[in-house]
Amino acid sequence: WSFMERIEDSPFVKRMYKVDKSIPSLLSLWKDSMIFLALYEGISYHTHVMLHLPFFYKHVHKIHHEWTSPIALTAAYAHPFEYAISNVSPALIASLLLKPHILTLSTYSMLGMIITTLIHCGYGFFGDEWISHDIHHETFRGNYGFLSILDKLYGTYKPTKYSSTRM
């Protein structure tokens, strides 16, 4: 545990995460992960909408939209500013608010990478919401979130041609 003890003593780590020898319960892991996903959806939705403002789109976000039919490998293809604001900051802010156990943070990171990859891969593994981001890349409008929750709440959800219910 000497490596873990050195990590525990880091002031940065102490501020950001819980690092100890105990393992969080499955209930704690699930609860924190759901809160993290909700925070991540809220922050990333709003930063994504911001990136579609004319200045940010022209100088920053347009790089990500070079792929009008995205594939999984292009999920993280972005300007460094966009990557920091839209990809890293939602996770960082959620972690600062929750101060999760380091194992829970690892779970968040894994979930984030899987979800981002799935919404950019073009396959609707879990329903239309999982391919609705393809519409965003085709039209450059709507479907800003990764779970479609805030898109439906704010009226920016654009159903896919495969949707059984149009909103």
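What you see is a predicted model, and the numbers here were worked out from it, not measured in a lab.

Caption draft 1: View of the packing of aromatic side chains. Inspection of every chain in the model, using the stated rule, returns six aromatic pairs. Judged by centre distance (6.0 Å) and plane angle (5 degrees), the rings of F56 and F81 are stacked. Separated by 25 residues along the polypeptide, F56 in helix α4 (residues 54-59) and F81 in helix α5 (residues 80-98) bring together distant segments of the chain. Three or more aromatic residues joined by ring pairs form one cluster here, namely Y45, Y144 and Y154. For the cation-ring pair, K152 lies above Y157, with the distance from its terminal atom to the ring centre recorded as 4.9 Å.

Caption draft 2: Quick look at the environment of T117. One can find T117 in helix α6 (residues 102-119). Using a relative accessible area of 32% as the deciding quantity, one classes T117 as partly exposed. For T117, the residues in contact, after removing those within four places along its chain, are A72 and A75. At 2.7 Å, the side chain of T117 and the backbone oxygen of M113 are in polar contact.

Caption draft 3: Expanded view of the nonpolar core. Ranked by size, the top nonpolar core spans 12 residues in total: M16, Y17, V19, F36, L37, Y40, A94, L105, Y108, I115, I119 and F146. Breaking this core down by element, the ones donating at least two residues are α3 (26-51) and α6. Top element by residues in this core is α6. It accounts for four residues.

Caption draft 4: Representation of the side chain of E82 in the model. Structurally, E82 can be placed in helix α5. In this structure E82 is buried but unpaired, with K62 as the nearest side chain of opposite charge at 13 Å. Separated by 2.9 Å, the side chains of E82 and H61 make a polar contact. Apart from residues lying up to four places away in sequence, E82 is in contact with L51, V60, H61, H64 and N87.

Caption draft 5: A look at the packing of α3 against α5. For the pair α3 and α5, the least separation of the axes is 9 Å and the interaxial angle reads 145 degrees. Of the two possible hands of crossing, α3 and α5 adopt the one that is right-handed. Between α3, through D32, I35, F36, L39, Y40, I43, S44, T47, H48, M50 and L51, and α5, the contact on the second element is made entirely by E82, I85, S86, N87, P90, A91, I93, A94, L97 and L98.

Procedures and definitions
- Residues numbered from 1 in each chain as written.
- Predicted model: local features only at pLDDT ≥ 70, side-chain atom pairs only at ≥ 80, totals over all residues.
- Heavy atoms only, no water.
- Phe/Tyr/Trp six-rings, centres within 6.5 Å; stacked < 30°, edge-to-face > 60°.
- Helix = DSSP H or I, 4+ residues; strand = E, 2+ residues; numbered from the N terminus.
- Lys NZ or Arg CZ within 6 Å of the ring centre and 35° of its normal.
- Buried < 20%, exposed > 50% of the residue type's maximum accessible area, 1.4 Å probe, protein only.
- Contact = heavy atoms within 4.5 Å.
- Polar contact = N/O pair within 3.5 Å; in protein donor to acceptor, adjacent residues only side chain to side chain.
- Core = buried A, V, L, I, M, F, W, Y, C linked by side-chain atoms within 4.5 Å.
- Lys, Arg positive; Asp, Glu negative; His and termini not counted.
- Salt bridge = Lys/Arg side-chain N within 4 Å of Asp/Glu carboxyl O.
- Axes fitted to C-alpha atoms, helices over the stretch in contact; angles between N-to-C directions.
- Left-handed = near helix turned anticlockwise from the far one by under 90°.

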